[in-house]
Amino acid sequence: MNIHVLTLFPDMFLPVTQSILGRAEEKGLLQVRVINIRDYTLDKHNRTDDTPFGGGAGMVMSPEPAFRALEAIGAQGKRILYPSPRGKVLDQSLIEDLAKQEDVVILCGHYEGVDQRILDHWEMEEVSIGDYVLTGGELPAMVIIDAVARLIPGVLGSPDSHLEESIYSGLLEYPHYTKPREFRGLSVPEVLVSGNHQLIHLWRFEESLKLTKERRPDLLEEFVRAADSLTKQEKKILRGILESEE
Ligand code: ADE
């Protein structure tokens, strides 16, 4: 998969060359190409923005360098994202959709925004990473890259980790524990050291349900609507959680 990022601040993308994402690049599973929009300006002072028509504060990204950069990477026909607080709020289903693409383009805006003709002509999808305002699209772009990359087969260490997650998909994660079994008087739930995989699974499922009910009742409602493939025991646990008062 190729992710093409157009930005005025290419150095900000150092983090995506590290760790898991760095290894994904080395293995040829993911290519993140960072393109400096300024390289495509025709302005003699290398400017990439200008004052807004109609007046107002801030600067607006000019169409010329953005169009030329998009043409240079052959963005026509590819999915092009524009991170913006005005956009559709990013969720896992959009990330899953993006992970199926061969190419994704992300244009990072700054200052007051970009000339609307860039968004309209290139049919960009505006995406928000939450209801707060950042100074630019670079951090949201890295959030998107990270979330997409971990879905590419081979990027995460163990192929099991997806499988595991799918049983609990739509729920918040259950608590994790590691050695030692006893730490400064704090112990690990007994069931996890029982060696009984069925009991462990049911305990984890119940913990996931409890956490989801407490913290994200909206997600639990959605889970209940879609929960037709549960086993008898899982259904019983779900009923217990839904009926409990806490
Ligand atoms: N740019 C500025 N704020 C943003 C946000 N919350 N999400 C996506 N892009 C942004």
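See the structure shown above.
Residues numbered from 1 in each chain as written. Predicted model: local features only at pLDDT ≥ 70, side-chain atom pairs only at ≥ 80, totals over all residues. Heavy atoms only, no water.

## Quick notes on the packing of helix α7 (residues 197–215) against helix α8 (residues 217–226)
Stage number 1. The contact between α7 and α8 brings their axes to 6 Å, and the two run at 125 degrees. Considered as vectors, α7 and α8 are oriented oblique to each other. Across the interface between the two elements, Phe205, Leu209, Thr212, Lys213, Glu214 and Arg215 from α7 touch Pro217, Leu219, Leu220 and Phe223 from α8.
Stage number 2. Residues of the contact of α7 with α8, tallied by class, amount to six nonpolar, one polar and three charged. (Axes fitted to C-alpha atoms, helices over the stretch in contact; angles between N-to-C directions. Helix = DSSP H or I, 4+ residues; strand = E, 2+ residues; numbered from the N terminus. Parallel < 35°, antiparallel > 145°, perpendicular 65-115°, else oblique. Contact = heavy atoms within 4.5 Å. Nonpolar A, V, L, I, M, F, W, Y, C, P; charged D, E, K, R; others polar.)

## Looking at the sheet that holds strand β3 (residues 49–50)
Stage number 1. The strand order β3-β4-β7 describes an open sheet built from three strands, whose pairing is mixed. Only two strands of the sheet have a single partner each, and these edge strands are β3 and β7 (113–114).
Stage number 2. Examined bridge by bridge, strand β4 (residues 60–61) and β7 share two bridges and lie parallel to one another. Paired with methionine 61 across the two strands is valine 114, which belongs to β7. (Pairing = 2+ DSSP bridges.)

## Points about the packing of aromatic side chains
Stage number 1. Within this structure, the stated rule accounts for two aromatic pairs.
Stage number 2. A ring pair is formed by phenylalanine 67 and tryptophan 122, whose centres lie 5.8 Å apart and whose planes are at 80 degrees; its orientation type is edge-to-face. Linking phenylalanine 67 in helix α2 (residues 63–72) with tryptophan 122 in the loop between α4 (116–121) and β8 (125–128), this pair joins segments that are 55 residues apart in sequence. Accessibility assignment for this pair places phenylalanine 67 and tryptophan 122 in one class, buried.
Stage number 3. Each ring, one from phenylalanine 205 and one from phenylalanine 223, has its centre 6.2 Å from the other, and the planes form 55 degrees; the classification is tilted. Remark: phenylalanine 223 occurs in helix α8 and phenylalanine 205 occurs in helix α7; sequence separation between them is 18 residues. Per residue, the accessibility class of phenylalanine 205 equals that of phenylalanine 223, and both read buried. (Phe/Tyr/Trp six-rings, centres within 6.5 Å; stacked < 30°, edge-to-face > 60°. Buried < 20%, exposed > 50% of the residue type's maximum accessible area, 1.4 Å probe, protein only.)

## Regarding the sheet that holds β8
Stage number 1. Read across the sheet, five strands follow the order β2-β1-β6-β5-β8 without closing on themselves; strand pairing throughout is parallel. Sheet topology places β2 (31–36) and β8 at the edges, where each strand pairs with a single neighbour. Ignoring strand direction, the axes of neighbouring strands in this sheet form an average angle of 30 degrees.
Stage number 2. Relative to β2, strand β1 (residues 2–7) runs parallel, the two being bridged by six bridges. Paired with leucine 6 across the strands is isoleucine 35, a residue of β2.

## Looking at the site of the ligand
Stage number 1. Every residue lining the ligand is accounted for by Pro83, Ser84, Pro85, Val127, Ser128, Ile129, Gly130, Tyr132, Val133, Leu134, Gly136 and Pro140.
Stage number 2. In the environment of the ligand, a nitrogen atom lies 2.9 Å from a nitrogen or oxygen atom belonging to the backbone of isoleucine 129.
Stage number 3. Between leucine 134 and the ligand, the recorded distance is 2.9 Å, taken from a backbone N or O atom to a nitrogen atom.
Stage number 4. Considering the ligand on its own, with 260 Å² of exposed area, one finds that the protein chains cover 96% of that surface.
Stage number 5. Of the pockets mapped on this structure, the ligand occupies the second largest pocket.
Stage number 6. Looking at the shell around the ligand, the elements that each hand over two or more residues are β5 (79–89) and β8.
Stage number 7. At three residues, the largest contribution of residues to the shell around the ligand is made by β5.
Stage number 8. When grouped by side-chain class, the residues that make up the shell around the ligand number eight nonpolar, four polar and no charged. (Near = heavy atom within 4 Å. Polar contact = N/O pair within 3.5 Å; in protein donor to acceptor, adjacent residues only side chain to side chain. Areas by Shrake-Rupley, 256 points an atom, 1.4 Å probe, with all protein chains shown as cover. 1 Å grid on protein atoms, 1.4 Å probe; cavity = no way out; pocket = protein on both sides within 12 Å on 5 of 7 lines; lining within 4 Å. Sits in = over half its atoms within 2 Å of the grid points.)

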